[in-house]
Protein chains: 2
Amino acid sequence: MTYLPDQLQKTPGFELITCFAFLHPISEEIATFISGKSTYLSVKKGKFIRSTLDTKEKLYFIIRGCVRGFIKDEGQEITTWINGENHVVGSIRSLGLDQETEEHLQVIEDSLLIEIERQAIDEMYERFPEANIIGRKILERYYRDAEERAFLSRLPSAERRYRRFTRTRPELVGRIPMKYVASYLSMTLETLCRIRAKALQNPPL
Amino acid sequence: MTYLPDQLQKTPGFELITCFAFLHPISEEIATFISGKSTYLSVKKGKFIRSTLDTKEKLYFIIRGCVRGFIKDEGQEITTWINGENHVVGSIRSLGLDQETEEHLQVIEDSLLIEIERQAIDEMYERFPEANIIGRKILERYYRDAEERAFLSRLPSAERRYRRFTRTRPELVGRIPMKYVASYLSMTLETLCRIRAKALQNPPL
DNA sequence: TTAAATTATTGACATATATCAATAACTTTT
DNA sequence: AAAAGTTATTGATATATGTCAATAATTTAA
């Protein structure tokens with residue numbers, strides 16, 4: 001934050017610009033571009049982002065709050081990720097696994113977001129080649145996170161998945177409604193309850 | 001391939017360079033750099049790559065063959081991905097979820113690979129900023145793939161996971177030993193057998 | 001080409017986790 | 001502050017999938 005020009009501190013989207021600046025020094029032109037494309041969005045707990053009416057893909061930077069992504073499969077919701085402050089969510093990349101499996105976003109805490117159109121990001125990559133350095137670094141991080149999610153959910157026992165979750169995502173423990181955690185960990189709410197009850201008996205060394 | 005300078009066709013690592021060139025026009029300097037850092041590696045089926053002796057992180061481009069990644073957890077191997085031709089595997093990014101969960105690579109078909117040190121890729125990003133465009137695009141793709149893996153493994157029924165696998169990875173069906181498929185789909189070999197037997201009865205419309 | 005080893009299939013049984021249901025603890029709304 | 005609506009907990013039972021075991025089919029090695 002300290003090495004951002006002062007005037008940026010009050011410019012729209014400065015939180016996102018600051019986040020980028022941690023990855024790579026950011027030119028004033030890029031900062032101005034991002035600022036011009038950023039919109040603040042205050043979303044109440046429980047609301048879904050990205051109305052079905054709007055076909056444009058969007059990215060969201062979480063300033064405050066928490067968002068989950070889920071996919072509907074045969075009627076039931078499967079939570080595929082949960083993220084909090086300083087994360088980028090949404091169309092990180094044309095995630096579109098395919099048409100049937102469209103991802104939905106739900107805010108699970110009152111949240112303040114910055115919204116940017118996917119198209120604006122692509123334009124940024126075109127106009128400012130250095131922006132690709134930032135994009136690449138962010139994607140490296142998100143790739144690793146996605147790998148972790150893929151690994152976590154392959155652990156064969158519910159209890160191990162829960163333990164791994166508490167170990168790798170301590171910032172979410174106690175913050176997220178259990179039903180979402182259960183969905184994220186591929187187990188029912190009841191199973192998660194029982195595992196937690198058991199964990200309280202055998203105190204975590 | 002057509003728009004690659006002719007002399008590249010015979011240069012070490014040209015398969016990887018060609019792959020990159022599909023994403024973004026590649027300068028002769030970058031091509032030469034990659035070429036200089038590429039080593040061919042022929043690996044027999046069943047062998048593990050990345051000996052434990054060698055601490056350097058490496059990337060591998062699969063020219064021919066197939067490789068799986070797995071993590072050992074409480075004694076058992078969990079296959080987290082399986083990839084064939086034209087994929088990059090290995091330290092796409094310091095995947096290191098953490099020390100305990102180190103990823104292992106095993107070749108599951110006689111394979112021809114190009115090996116590059118992670119460090120060389122980082123150097124490439126430094127010296128040739130345009131390379132970040134390629135890196136970003138590759139990571140976008142790999143992020144999407146990792147999302148798919150994370151989703152697949154969260155499907156609550158073994159049969160649905162198998163169906164999704166056959167639908168999204170048709171190129172692997174019938175090619176990969178069932179035991180690896182089973183591990184990738186988070187089920188036992190026996191369960192996979194039974195699901196396949198059942199699938200044969202109810203012919204796939 | 002046979003022998004040895006690995007991988008796949010099928011069956012019987014065990015078990016972790018899902019499902020269904022009733023209540024309790026919270027949260028939000030009025 | 002009470003009412004209404006969620007979300008969490010706990011119990012009883014069902015079921016999908018794991019485990020163990022015996023063979024069959026393939027693949028690899030001799």
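In short, a report on the structure.

About the criteria used
Residues numbered from 1 in each chain as written. Chains lettered and ligands numbered in written order. Predicted model: local features only at pLDDT ≥ 70, side-chain atom pairs only at ≥ 80, totals over all residues. Heavy atoms only, no water. Least-squares fit on C-alpha atoms with pLDDT ≥ 70 in both. Contact = heavy atoms within 4.5 Å. Near = heavy atom within 4 Å. Helix = DSSP H or I, 4+ residues; strand = E, 2+ residues; numbered from the N terminus. Nonpolar A, V, L, I, M, F, W, Y, C, P; charged D, E, K, R; others polar. Polar contact = N/O pair within 3.5 Å; in protein donor to acceptor, adjacent residues only side chain to side chain. Phe/Tyr/Trp six-rings, centres within 6.5 Å; stacked < 30°, edge-to-face > 60°. Buried < 20%, exposed > 50% of the residue type's maximum accessible area, 1.4 Å probe, protein only. Lys NZ or Arg CZ within 6 Å of the ring centre and 35° of its normal. Pairing = 2+ DSSP bridges. Buried area = accessible area lost by both parts, 1.4 Å probe. Salt bridge = Lys/Arg side-chain N within 4 Å of Asp/Glu carboxyl O.

1. Thoughts on the relation of the copies chain B and chain A
Copy one and copy two of the chain differ by a rotation about an axis and a translation along that axis.
Link 1 in the chain: In the superposition of chain B on chain A (RMSD 0.0 Å, axial shift 0.0 Å), the rotation amounts to 180°. The two molecules are tied by a two-fold rotation axis, judged by turn and shift.
Link 2 in the chain: Comparing interface residues between copies, 98% of those in chain B also lie at the interface in chain A; the contact surface is shared.

2. Examining the protein's contact with DNA strand C
Link 1 in the chain: In the vicinity of DNA strand C, 19 residues are found, and the nearest of them are A:Ala158, A:Thr191, B:Met178, B:Lys179 and B:Cys193.
Link 2 in the chain: For DNA strand C, the backbone portion of the atoms within 4 Å of the protein, that is sugar and phosphate, comes to 62%.
Link 3 in the chain: Put simply, the parts of the chain that give the surface near DNA strand C at least two residues each are helix 7 (189-201) of chain A together with helix 6 (178-184) and helix 7 (189-201) of chain B.
Link 4 in the chain: Examining the composition of the surface near DNA strand C, we find that six residues originate from one element, helix 7 of chain B, more than from any other.
Link 5 in the chain: For the surface near DNA strand C, the residue count by class is eight nonpolar, four polar and seven charged.

3. Considerations on the protein's contact with DNA strand D
Link 1 in the chain: A:Met178, A:Lys179, A:Arg194, B:Ala158 and B:Thr191 are the nearest of the 19 residues found near DNA strand D.
Link 2 in the chain: Counting only the atoms of DNA strand D within 4 Å of the protein, the fraction contributed by sugar and phosphate is 62%.
Link 3 in the chain: Residue A:Met178 places a main-chain N or O atom 2.6 Å away from a phosphate oxygen belonging to DNA strand D.
Link 4 in the chain: Here a phosphate oxygen of DNA strand D sits 2.6 Å away from a polar atom, N or O, in the main chain of B:Ala158.
Link 5 in the chain: Those elements giving two or more residues to the surface near DNA strand D turn out to be helix 6 (178-184) and helix 7 of chain A together with helix 7 of chain B.
Link 6 in the chain: Looking at the surface near DNA strand D, the element that brings in the most residues is helix 7 of chain A, giving six residues.
Link 7 in the chain: In terms of residue class, the surface near DNA strand D is built from eight nonpolar, four polar and seven charged.

4. Concerning the packing of aromatic side chains
Link 1 in the chain: Enumeration according to the criterion identifies eight aromatic pairs over all chains in this entry.
Link 2 in the chain: On the numbers, 6.0 Å between centres and 65° between planes, the contact of B:Phe165 with B:Tyr184 is edge-to-face. Here the residue B:Phe165 occupies a position in helix 5 (residues 158-168), and B:Tyr184 occupies one in helix 6, the gap between them amounting to 19 residues.
Link 3 in the chain: Take B:Tyr184: its relative accessible area is 3%, and that puts it in the buried class.
Link 4 in the chain: Here the basic side chain of A:Arg136 rests over the ring of B:Tyr125, its NZ or CZ set 3.7 Å away from the ring centre.
Link 5 in the chain: Over the aromatic face of A:Tyr184 sits the side chain of B:Arg154, whose NZ or CZ is 4.6 Å from the ring centroid.

5. Things to note about the pairing of strand 4 (residues 76-83) of chain B
All names here are of chain B.
Link 1 in the chain: Strand 4 sits mainly inside the fold: six of its eight residues count as buried.
Link 2 in the chain: Alignment of strand 3 (residues 58-73) against strand 4, held across seven bridges, turns out to be antiparallel. The residue of strand 4 that forms the bridge with Arg-68 is Ile-82.
Link 3 in the chain: Following strand 3, the chain reverses through two residues before pairing antiparallel with strand 4; Glu-74 in that reversal takes a positive phi of roughly 45°.

6. Some words on the interface of chain B and chain A
Link 1 in the chain: On the side of chain A, 46 residues touch chain B, which itself brings 47 residues to the contact.
Link 2 in the chain: Between chain B and chain A, a total of about 4,100 Å² is buried, with carbon and sulfur atoms accounting for 56% of that surface.
Link 3 in the chain: By the criterion of area lost to chain A, the three top residues of chain B are B:Arg136, B:Tyr143 and B:Arg154, representing 20% of everything that side buries.
Link 4 in the chain: At the junction of chain B with chain A, the criterion picks out ten salt bridges.
Link 5 in the chain: Across the salt bridge formed by A:Glu74 and B:Arg163, the nearest N and O atoms sit 3.5 Å from each other.
Link 6 in the chain: The tally of links between chain B and chain A comes to 17 residue pairs in polar contact (both at pLDDT 80 or more).
Link 7 in the chain: Looking at the side of chain B that touches chain A, the elements that each hand over two or more residues are strand 3, strand 4, helix 3 (118-127), helix 4 (131-152) and helix 5 of chain B.
Link 8 in the chain: Among the elements that take part in the side of chain B that touches chain A, helix 4 of chain B stands out by supplying 16 residues, more than any other.
Link 9 in the chain: Looking at side-chain class alone, the side of chain B that touches chain A contains 18 nonpolar, ten polar and 19 charged residues.

All quantities given are derived from atomic positions and should not be read as evidence of function.
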